[in-house]
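Examination of the molecular architecture
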Amino acid sequence: MAYFALAAGHGASDPGAVNGTRLEKDDNLKLCLKVGKLLEDRGHRVDYYRTGDTECTAANCREWMKAKKADFALCFHRNSFSNITATGAEVWSFSDELSVSLATKLSAAISSSSGLYNRGRKGNGAAWLSADVPCAQPEVGFISNPADNVKFDNTLDKIAEAIANELENVFGPIKNLERIAVGTTTDPLNLRVGPSTASASLGIIPQGGKIDIYSVEKNWVRVSYNGKLGYSSADYIKIDYFSKPSEEITIKIPDIKIPKTATEETVFQIIGRSVRDLIDTVFSGWKGN
Ligand SMILES: [Zn+2]
């Protein structure tokens, strides 16, 4: 289970950007509540800055994010520009690795789920974000652009789901991932955003921590611990057993044809090659290739 702090920008006497009777504060709240509901349904803890038409200022939002210390915080917005052809979704963040990575993925996910042009990750920083905690500010299309508003209205559920999915891809649990093994950490071990010691830490798995393993990439394993998904070094994990009989692979030794004239060394080479091929096949099966 992860913990998310979700804010809908503006509110009360501050409508945010306006297009006729359409107010940004309302759009922000709609999307915020949908994303939060999905995350809560999937077992995560969610705190909301506001659930109704109450005030959310940039300064208060920054302080709130900092105080909440959630695994990830979002402040939802919509863009606006004097030229009504300005279009697309973008996501602002500070430059810490987790926020950059998620902002980039969120912008792509919002775009692909809605048909909005992907303007990508923007930064560094934004008025509504705290530099002290991992967070991002989605700008979900231009309220000043009628076509963007149609996309926002028609795909709101899909956008919310895409955002929740991207958060789950980092913080898990991932329902769609196939667990291939379980393991125990032999030392306190960093759970990282990516498969590298240069990647940001999502937290420390204590020695003796029981982890689920989803894939092996060189000497890094994709694991989850307490519902959080990330990467850890394989050097400090004892892989205990393959978790379910259905996840085991049956290895059938193929017939190996050896000429009667073969020397002892040739027989050794032929069998060796065959076993090597078998190991490759089994290992790529484990990796799901
Ligand atoms: Zn705004």
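Predicted model, so just to flag it, every value in this text is computed and none were measured.

Attention now goes to the packing of helix H1 (residues 24-41) against helix H5 (residues 156-171). Interhelical geometry of H1 versus H5 gives an angle of 50 degrees and a closest axis separation of 9 Å. In terms of orientation, H1 lies oblique with respect to H5. As H1 packs across H5, the resulting crossing turns out to be right-handed. Contacts between H1 and H5 pair Lys 30, Leu 31, Lys 34, Val 35, Leu 38 and Leu 39 from the former with Leu 156, Asp 157, Ile 159, Ala 160, Glu 161, Ile 163, Ala 164 and Leu 167 from the latter. Looking at the contact of H1 with H5, its residues break down into 10 nonpolar, no polar and four charged.

Turning our eyes to something else, we now look at the packing of aromatic side chains. Each pair of aromatic rings is reported with the distance of its centres and the angle of its planes. For the structure on display, the rule yields three aromatic pairs. Taking the centre distance of 5.5 Å and the plane angle of 80 degrees together, the rings of Phe 4 and Phe 171 count as edge-to-face. One end of the pair, Phe 4, is in strand E1 (residues 3-8); the other, Phe 171, is in helix H5, with 167 residues separating them in the sequence. When the ring of Tyr 49 is compared with that of Trp 64, the centres are 5.3 Å apart and the planes differ by 75 degrees; the resulting orientation is edge-to-face.

On to the coordination of the zinc ion, then. Looking at the zinc ion, the protein donor atoms are His 10 (NE2), Glu 24 (OE), Glu 24 (OE) and His 77 (ND1), and they sit 2.1 to 2.7 Å from it. Read from N- to C-terminus, the donor residues coordinating the zinc ion fall into the pattern H-x13-E-x52-H. Highlighted residues: Glu 24 in helix H1 and His 77 in strand E5 (residues 72-79), separated in sequence by 53 residues.

What counts, and where the lines are drawn
In every chain, residue numbers begin from 1 and rise along the written sequence. Selection of residues for local features in this predicted model requires a pLDDT of at least 70, selection of side-chain atom pairs for listing and counting requires 80 or more, and totals for whole chains, interfaces and linings are taken over all residues. Excluded from the side-chain calculations are hydrogens and water; all other atoms, namely the structure's heavy atoms, are used. Note on method: axes are straight lines fitted to C-alpha atoms, helices fitted across the in-contact stretch only, with angles between N-to-C directions ranging 0 to 180 degrees. In DSSP terms, a helix is any run of H or I states spanning at least four residues, a strand is any run of E spanning at least two, and both are numbered starting from the N terminus. For this classification, under 35 degrees means roughly parallel, over 145 means roughly antiparallel, 65 to 115 means roughly perpendicular, and everything else is oblique. By definition, turning the near helix anticlockwise from the far helix through less than a right angle yields a left-handed crossing, and turning it clockwise yields a right-handed one. Pairs of residues are marked as contacts when any of their non-hydrogen atoms sit within 4.5 Å. Each residue is assigned to one of three groups, with Ala, Val, Leu, Ile, Met, Phe, Trp, Tyr, Cys and Pro labelled nonpolar, Asp, Glu, Lys and Arg labelled charged, and all others, Gly among them, labelled polar. Any two of the Phe, Tyr and Trp rings considered here, Trp counted by its six-membered ring, make a pair once their centres fall within 6.5 Å; the pair's planes then place it as stacked at under 30 degrees, edge-to-face at over 60, or tilted in between. Any nitrogen, oxygen or sulfur atom within 2.8 Å of a metal ion counts as a donor, with the limit raised to 3.2 Å for Na, K and Ca, and since water is left out, coordination shells can look unfinished.

Keep in mind these values describe shape, not function.
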